[in-house]
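Results of the structural survey
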Amino acid sequence: MLLASAVVVWEWLNEHGRWRPYSPAVSHHIEAVVRAGPRVGGSVVLGQVDSRLAPYIIDLQSMNQFRQDTGTLRPVRRNYYDPSSAPGKGVVWEWENDNGSWTPYDMEVGITIQHAYEKQHPWIDLTSIGFSYVIDFNTMGQINRQTQRQRRVRRRLDLIYPMVTGTLPKAQSWPASPGSAASPPAPACSCPQCVLVMSVKAAMVNGSIGPLQAPAARKNVPPSGAVKLPPPPGPGAKPPDGTGTIRGPLKTAPSQTSRRQASSMPVGATAGSPTSPPGANGKTGRVALATLNRTNLQRLAIAQSRVLIASGVPTVPVKNLNGSSPVNPALAGITGILMSAAGLPVCLTRPPKLVLHPPPVSKSEIKSIPGVSNTSRKTTKKQAKKGKTPEGVLKKYLQKVRHPPDEDCTICMERLTTPSGYKGPQPTVKPDLVGKLSRCGHVYHIYCLVAMYNNGNKDGSLQCPTCKTIYGVKTGTQPPGKMEYHLIPHSLPGHPDCKTIRIIYSIPPGIQGPEHPNPGKSFSARGFPRHCYLPDSEKGRKVLKLLLVAWDRRLIFAIGTSSTTGESDTVIWNEVHHKTEFGSNLTGHGYPDANYLDNVLSELAAQGISEDNAAQDKD
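Now for a look at the structure at hand. Bear in mind the structure is a predicted one, so any value in this text is a computation, not a measurement. (Residues numbered from 1 in each chain as written. Predicted model: local features only at pLDDT ≥ 70, side-chain atom pairs only at ≥ 80, totals over all residues. Heavy atoms only, no water.)

**Thoughts on the sheet that holds strand β17 (residues 443–445)**
In spatial order, the strands read β15-β16-β17; together these 3 strands make up an open sheet with antiparallel pairing. In this open sheet, the two edge strands, each paired with only one partner strand, are β15 (398–400) and β17. Averaged over all pairs of adjacent strands, the angle between strand axes in this sheet comes to 40°, irrespective of strand direction. Contacting β15, β16 (434–437) and β17, helix α9 (residues 446–454) runs over the sheet at an angle of about 80° to β17. (Pairing = 2+ DSSP bridges. Helix = DSSP H or I, 4+ residues; strand = E, 2+ residues; numbered from the N terminus. Axes fitted to C-alpha atoms, helices over the stretch in contact; angles between N-to-C directions. Contact = heavy atoms within 4.5 Å.)

Next comes the structure, spelled out in structure tokens:
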């Protein structure tokens, strides 16, 4: 049963199956159009409230977000939350990504974090909602339970999301009521984009597939926003040739993720699309794009092109609509017209093809890698270290401090001159003892360091929580598997002068061990064998040797929650990026990438693996 009072959050479904919230400002704008009913049209142009979302239109009839420059459709929904939760108070929780910008958590996660924050809990474990992270409110940090990697988090205030009361409509219940169609029409938006969108609607409502009259100049747009439709041309009429010219390819747009980080700007006056003209029976009707067949969509696209040409708006010729492009041809045609109306350059060509694997290679063409022993490695189950207590392990890395400085222990956030504030399982050391790490010199309660070690991998190593200096040999929790590596006689994009090192990882599903998140529970292993690629250059071979060390230390993979599918208890990558596209770079996991080898060397160094470790390579 729905709440009698709730805040409304509009959300879109990303490629990983997660519902991502629009900003409060964008949600207010969408909600204003929904509440206005059909008199302002059934489409929402997001660029009217956030310029970064200019390519996006929401179709309220089908509840889809349409991206004009790519033709991508994504589901949207109108979700409801308790008014006392984070969106009802204008609270947004965000985490810092690798490039230093801030990304909001999913609404469900943000609400969970805010609830714990309000209860004054020192931390919150997100495992219960499917994420292997702990949020520490004392340090305002996010800690990965598998890798212990930390990121900054922050809490900021934004607009409160729109509020609804009474009986709440369902997400697909637009228009809200039949009577809303009789309301006085709102003033029409006269920008080329809205004029075009409404002329498309008008043609669909009246079933017209012939050419449309050119819209009037902005100052002469009728108050009702109606677009008159002439009768279809006679049988012998021929459409004029397209006169638009494409002068260059479409420029690379900013990433979709950055466009989703919605603005906090206040909502202005509601701007909707003009009303569609009445049909023959005098009642307003509407037909969704999905109800038109391909032929009608093609003819409609050509008709819209004529409108834009006649009105002086730059356009592109609608070509190759019968081709075999992966993009729906009719949708591609309409996409080009919509972009042209907004003054954007268009190049309607086939999209680049994803090339994951190299051409077929025979066994005789596969060669071993010079300077690297063998062609495969295996890992087995972790052998428990015996005979050493956590206190005994840490004793090697610590120096006792008799007179602690008057500063905070960054683990428990209590003063070092007072006992540790850790409240978990009790270590055997006294809570007021203080120690200094021998190499980096950072000072902590020994009690806190023992507790941190007990919550980790217990592999005999320690990582300073402040500067990430590693003491001992860090190992991971990678499940048993096999790593193969060899040369193939093909070149990677950007590396035409050398062959390619192919790495094949194979890990079967199994049962989690005591070092894993859920001991005794089964885990899945999706997408194996996984093929990865390096150039057979001097630096590429150096990376391979260090990856072999990382494999032996069980640091390449871990068991956790997949950021791609959301599945828990599955094998995931562990902070060391690999290139899985052989001949393209459409996903960001391919070539060319001039900085990749340097980046992966830095990632390996963060795991305690550098060139000095390559000497430990198994022979």
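**Looking at the pattern of salt bridges**
Between side chains of opposite charge, a pair can form when the charged atoms approach closely. For the structure on display, the rule yields 25 salt bridges. Between Asp50 and Arg52 there is a salt bridge, and its shortest N-O distance comes to 3.3 Å. Judged by relative accessible area, which is 35%, Arg52 ranks as partly exposed. A salt bridge links Asp552 to Arg377; the nearest nitrogen and oxygen atoms lie 2.8 Å apart. Here Arg377 lies in strand β14 (residues 376–379) and Asp552 lies in helix α10 (residues 538–552), a separation of 175 residues in the sequence. (Salt bridge = Lys/Arg side-chain N within 4 Å of Asp/Glu carboxyl O. Buried < 20%, exposed > 50% of the residue type's maximum accessible area, 1.4 Å probe, protein only.)

**Thoughts on the nonpolar core**
Core analysis: the largest hydrophobic core is formed by 39 residues, its most contacted members being Met483, Ile503, Tyr505, Leu534, Leu544 and Leu547. Taken together, the elements giving at least two residues each to this core come down to β20 (481–488), β21 (500–506), β24 (530–535), α10, β25 (557–560) and α11 (596–606). Of all the elements, α10 adds the most residues to this core, at 8 residues. Excluding anything up to four places from it in sequence, Met483 contacts Thr375, Ser376, Arg377, Ile503, Ile504, Tyr505, Leu544, Leu547, Leu548 and Trp551. (Core = buried A, V, L, I, M, F, W, Y, C linked by side-chain atoms within 4.5 Å.)

**With respect to helix α3 (residues 107–118)**
Taking 1.5 Å per residue, 12 residues should reach 16 Å; α3 reaches 16 Å between its end C-alpha atoms and fits that length. Residues of α3 that are buried include every one of Met107, Val109, Gly110, Ile113, Gln114 and Ala116, and no others. (Expected span 1.5 Å × (residues − 1).)

**A few points about the side chain of His486**
Residue placement: His486 occurs in strand β20. On the basis of relative accessible area, His486 is assigned to the buried category, the value being 10%. Dropping the residues within four chain positions of it, His486 is found in contact with Ile366, Lys367, Ile369, Thr500, Ile501, Arg502 and Ile504.

**Looking at the sheet that holds strand β10 (residues 133–136)**
Read from one edge to the other, the open sheet built from 6 strands follows the order β8-β7-β12-β11-β10-β9, with strand pairing classed as antiparallel. At either end of the open sheet lies a strand with only one pairing partner, and these are β8 (102–104) and β9 (123–125). With direction set aside, neighbouring strand axes in the sheet form an average angle of 30°. As paired strands, strand β11 (residues 141–144) and strand β12 (residues 150–157) are joined by 3 bridges and run antiparallel to one another. Within β12, the position partnered with Ile143 by the bridge is Gln150. Where α3 meets the sheet, its contacts fall on β7 (91–96), β9, β10 and β12, and the angle it forms with β7 comes to roughly 105°.

Fair warning: the whole summary comes from geometry, so function is off the table for now.
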